[in-house]
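# Understanding the architecture of this molecule
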Amino acid sequence: MYKGRERERSREEGQFCSSTRGTSADVHHTISRCIAHYGGYLVYKLMEAIIEKMQDENTGVPVKTVKSFMTKIPSVFTGTDLVAWLARHLNLEETWEALHVAHLLAAHGYLFPIDDHCLTVKNDNTYYRFQTPYFWPSNQWEPENTDYAVYLCKRTMQNKARLELADYEAESLARLQKMFSRKWEFIFMQAEAQSKVDKKRDKLERKVLDSQERAFWDVHRPMDIYVDLDLDFDFTGARVPLDEVGQLLEVLKIRNVQGLSQRIQEKGKVL
């Protein structure tokens, strides 16, 4: 039964997203229709195909553990290496094109700077890290305020300078504590349980997971807009609109969008 539904869905996607050979305007129009019909699933799959290529052990972006004074920074790569890889493997002629693609990937949470809440990319030696597939937007995450409250509360329990709350996070925590005053004990217990589990992890693994969780919330509770937590906001509104990601196809010089959904679903074959 489920296989039949999948075949029907694939057939509909192929019909809906297929188009004749055309200009970049045709590409943008097709992508916009796909986003409107499928909620951006196909565009996310396109971005994830690029990310999977970037993470290839042999041909991907060079990821390394950097030794610093009395500490190690695991699983990072530089903005320079990222931009150079995109330019080389996507056949981009201008640096700004590769930087634009990198910005789009970061804005939707596929990679992030390890020391900044602002999800942008610089073409320099700033360190970045890949997001775990668990937090990829194609999983249709819609976190609630209670989830955010547990996360912030857990951060206050961990005696690490890198986990200290930023000013906007501390303000959010205060508002959430007031909002959920009647069930704050339950939220605190959840945060405490998660904190105990985290402390049992390997030190370097914990450092990576902490940064990935923080980046997830940087996407869904960004610092660059004021959010009234008493209202029902779409917290993903601060991200680059998905229809703008249609520019990604233009940058990649994909003009023939015939069978677009099939190519995206093949992931690694997209490029």
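All figures in this text were calculated on a predicted structure; none of them were measured in a lab.

Next up on the list: the confidence of the model for the chain. On average, residues of the chain carry a pLDDT of 76, and 66% of them reach 70 or more. Across the chain, the secondary-structure element scoring lowest on mean pLDDT is helix α1 (residues 2-17), at 45, and the one scoring highest is strand β4 (residues 127-130), at 97. Low pLDDT, under 50, characterises residues 1-6; the stretch is placed with zero contacts to residues that sit more than four places away or in other chains. Here residues 225-238 is modelled with pLDDT under 50, and outside its nearest four sequence neighbours on either side it reaches 20 contacts, counting other chains as well.

Before going further, it helps to spend a moment on empty space enclosed by the protein. Here the structure, examined in full by the defined rule, presents three cavities of 30 Å³ or more. Here the largest cavity defines a volume of roughly 60 Å³. What lines the largest cavity is a set of eleven residues, and nearest its centre among them are His 108, Phe 135, Phe 216, Val 219 and His 220.

Moving on, we get to the pairing of strand β1 (residues 64-68). Alignment of β1 against strand β2 (residues 71-78), held across four bridges, turns out to be antiparallel. Along β2, the bridge assignment pairs Lys 64 with Val 76. Hairpin connection, β1 to β2: the antiparallel pair is bridged by two residues, and Met 70 has positive phi, about 60°.

Attention now moves to the environment of Ala 84. Residue placement: Ala 84 occurs in helix α4 (residues 79-89). Relative accessible area serves as the criterion here: at 35%, Ala 84 is assigned to the partly exposed category.

Before going further, it helps to examine α4. Restricting attention to buried positions, one finds in α4 the residues Gly 79, Leu 82, Val 83, Trp 85 and Leu 86. Projected onto a plane normal to the axis of α4, the buried residues spread over an arc of 160° and lie on a single side. Here the buried face of α4 lies against α3 (41-54), β2, α5 (95-107), β3 (111-113) and β4.

This part is about the packing of aromatic side chains. This model, assessed by the stated rule, comprises nine aromatic pairs. Ring centres 5.8 Å apart and planes at 25° place the aromatic pair Tyr 151 and Trp 217 in the stacked group. Remark: Trp 217 occurs in helix α9 (residues 203-220) and Tyr 151 occurs in helix α6 (residues 145-156); sequence separation between them is 66 residues. When sorted by exposure, Tyr 151 lands in the same class as Trp 217, which is buried. Measuring from ring centre to ring centre gives 5.2 Å for Phe 216 and Trp 217, while their planes differ by 80°; the resulting arrangement is edge-to-face.

Time to look at the nonpolar core. Residues Ile 51, Met 54, Leu 82, Leu 86, Leu 105 and Leu 111 are the most contacted members of the largest nonpolar core, which totals 25 residues. No other element matches the six residues that α3 contributes to this core. Leave out the neighbours within four places in its chain, and Leu 82 touches Met 54, Val 61, Phe 77, Ala 102, Leu 111 and Val 121. Counting residues in hydrophobic clusters, the runner-up holds 16 residues, among them Val 150, Leu 152, Tyr 168 and Trp 217.

To continue, consider the packing of α4 against α5. Two elements in contact, α4 and α5, have axes separated by 8 Å at closest approach and are oriented at 110°. The angle between the axes of α4 and α5 places the two elements in the roughly perpendicular class. With respect to the hand of their crossing, α4 and α5 are arranged in right-handed fashion. Two secondary-structure elements touch here, α4 through Leu 82, Val 83, Leu 86 and Ala 87 and α5 through Thr 95, Ala 98, Leu 99, Val 101 and Ala 102. Of the residues in the contact of α4 with α5, the class split is eight nonpolar, one polar and no charged.

Let's shift gears to the sheet that holds β3. Sheet strands line up and pair through hydrogen bonds in the backbone, either parallel or antiparallel. Taken in spatial order, the four strands line up as β1-β2-β4-β3 in an open sheet, and their pairing is antiparallel. Of all strands in the sheet, those bounded by a partner on one side alone are β1 and β3. Strand-to-strand twist across the sheet, computed as the mean angle between neighbouring axes with direction ignored, equals 50°. Both β2 and β4 contribute to a ladder of two bridges, which runs antiparallel. In the strand pairing of β4, Phe 77 is matched with Tyr 128. Packing of α9 onto the sheet brings it into contact with β2, β3 and β4, and relative to β2 it is tilted by some 50°.

Rules behind the numbers
Residues numbered from 1 in each chain as written. Predicted model: local features only at pLDDT ≥ 70, side-chain atom pairs only at ≥ 80, totals over all residues. Heavy atoms only, no water. pLDDT = per-residue confidence, 0-100. Helix = DSSP H or I, 4+ residues; strand = E, 2+ residues; numbered from the N terminus. Contact = heavy atoms within 4.5 Å. 1 Å grid on protein atoms, 1.4 Å probe; cavity = no way out; pocket = protein on both sides within 12 Å on 5 of 7 lines; lining within 4 Å. Points joined across faces, edges and corners; volume = space filled by probe spheres on them. Pairing = 2+ DSSP bridges. Buried < 20%, exposed > 50% of the residue type's maximum accessible area, 1.4 Å probe, protein only. Arc of directions from axis to C-beta. Phe/Tyr/Trp six-rings, centres within 6.5 Å; stacked < 30°, edge-to-face > 60°. Core = buried A, V, L, I, M, F, W, Y, C linked by side-chain atoms within 4.5 Å. Axes fitted to C-alpha atoms, helices over the stretch in contact; angles between N-to-C directions. Parallel < 35°, antiparallel > 145°, perpendicular 65-115°, else oblique. Left-handed = near helix turned anticlockwise from the far one by under 90°. Nonpolar A, V, L, I, M, F, W, Y, C, P; charged D, E, K, R; others polar.

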